[in-house]
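Descriptive structure summary
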Amino acid sequence: MAEPGVRGSATADDRGWRLRHLPVLLVASAALGAVAALVGAVTGGGAAAAGAAAGVAVTVLSYTLSTVVLAWADAINPQLVLPLGLGLYAVKFTVLGVVMVAVASAGWDGLVPLCVGIVAGVVVWTGVHIWWLTRVFSRRPGS
């Protein structure tokens, strides 16, 4: 259990630390979305472009929602992070499953590019986040 006042004074004075990485991740994801749409258009036409870009957007929406909700929960009470995180995870994957089944049953030509866009979004978001944590956040004053 987290104890009140456990956090150092550096984080107490820096209320924005929980979301500081988000702009970098969103810019990288926007660039990926543009590249995914271009590659999709060149390799498979309009449906593939839309599918690839939508896949990246699904990942960005999911990860951004998690980031904001967990940052809010941590700011309110760190003990909320686990239950809210697990609940949000269950809801997101249920919705994703329902959407994927609906898209698959519709026979849309953009289904495979959508899946590839989701995977690419996860890889880029995770890679940029690791880069940010190891190269930017770890080098901040007071760490």
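A brief structural summary. Keep in mind it's a predicted model, so treat the numbers as computed, not measured. (Residues numbered from 1 in each chain as written. Predicted model: local features only at pLDDT ≥ 70, side-chain atom pairs only at ≥ 80, totals over all residues. Heavy atoms only, no water.)

Moving on to the overall build of the protein. Tallying secondary structure elements over the protein gives 5 helices and 0 strands in all. Seen in sequence order, the protein has helices and strands lined up from the N terminus as α-α-α-α-α. Considering the protein as a whole, with its 143 residues, one finds that 25% of them fall into the buried category. When contacts within the protein are restricted to residue pairs at least 6 apart in sequence, long-range pairs at least 24 apart make up 67% of them. (Helix = DSSP H or I, 4+ residues; strand = E, 2+ residues; numbered from the N terminus. Buried < 20%, exposed > 50% of the residue type's maximum accessible area, 1.4 Å probe, protein only. Contact = heavy atoms within 4.5 Å.)

Before going further, it helps to spend a moment on the side chain of Lys92. Along the chain, Lys92 turns up in helix 4 (residues 81–106). Look past the residues within four positions of Lys92 in its chain and what remains in contact with it is Ser62, Leu65 and Ser66.

A full pass over the atoms with the stated rule returns 2 aromatic pairs. Ring centres 5.4 Å apart and planes at 80 degrees place the aromatic pair Tyr63 and Trp125 in the edge-to-face group. Linking Tyr63 in helix 3 (residues 46–76) with Trp125 in helix 5 (residues 111–136), this pair joins segments that are 62 residues apart in sequence. Judged by centre distance (4.7 Å) and plane angle (45 degrees), the ring pair of Tyr89 and Phe93 falls under tilted. In this pair, Tyr89 and Phe93 both sit in helix 4, 4 residues apart, roughly one turn of the helix. Tyr89 gets classed as exposed once you look at its relative accessible area, which sits at 51%. (Phe/Tyr/Trp six-rings, centres within 6.5 Å; stacked < 30°, edge-to-face > 60°.)

Turning our eyes to something else, we now look at the pattern of salt bridges. Summed over the entire model, instances satisfying the criterion amount to 1 salt bridge. For Asp74, the salt bridge identified is with Arg18, shortest N-O distance 2.9 Å. Of this pair, Asp74 sits in helix 3 while Arg18 sits in the loop between helix 1 (9–13) and helix 2 (22–44), placing them 56 residues apart in sequence. The exposure class of Arg18 is buried, given its relative accessible area of 16%. (Salt bridge = Lys/Arg side-chain N within 4 Å of Asp/Glu carboxyl O.)

In terms of nonpolar packing, the biggest core is built from 9 residues, these being Leu22, Leu25, Leu32, Ala36, Ala52, Val56, Val60, Trp125 and Val128. Secondary-structure elements contributing two or more residues to this core are helix 2, helix 3 and helix 5. Here the element with the most residues in this core is helix 2; it accounts for 4 residues. In this structure, Trp125 is in contact with Leu22, Leu25, Leu26, Ser29, Val60, Tyr63, Thr64 and Thr67, ignoring residues within four places of it in sequence. (Core = buried A, V, L, I, M, F, W, Y, C linked by side-chain atoms within 4.5 Å.)

In this section: the packing of helix 3 against helix 4. Helix packing geometry: the angle between the two helix axes and the distance between the axes. At a minimum axis distance of 9 Å, the contact between helix 3 and helix 4 shows a crossing angle of 160 degrees. As summarised for this structure, helix 3 and helix 4 are arranged roughly antiparallel, according to the angle between their axes. For the pair helix 3 and helix 4, the sense of crossing is right-handed. Residues Val58, Ser62, Leu65, Ser66, Val69, Leu70, Trp72, Ala73 and Asp74 of helix 3 form the contact with helix 4, whose own contacting residues are Val81, Leu84, Gly85, Leu88, Lys92 and Leu96. For the contact of helix 3 with helix 4, a count of residues per class yields 10 nonpolar, 3 polar and 2 charged. (Axes fitted to C-alpha atoms, helices over the stretch in contact; angles between N-to-C directions. Parallel < 35°, antiparallel > 145°, perpendicular 65-115°, else oblique. Left-handed = near helix turned anticlockwise from the far one by under 90°. Nonpolar A, V, L, I, M, F, W, Y, C, P; charged D, E, K, R; others polar.)

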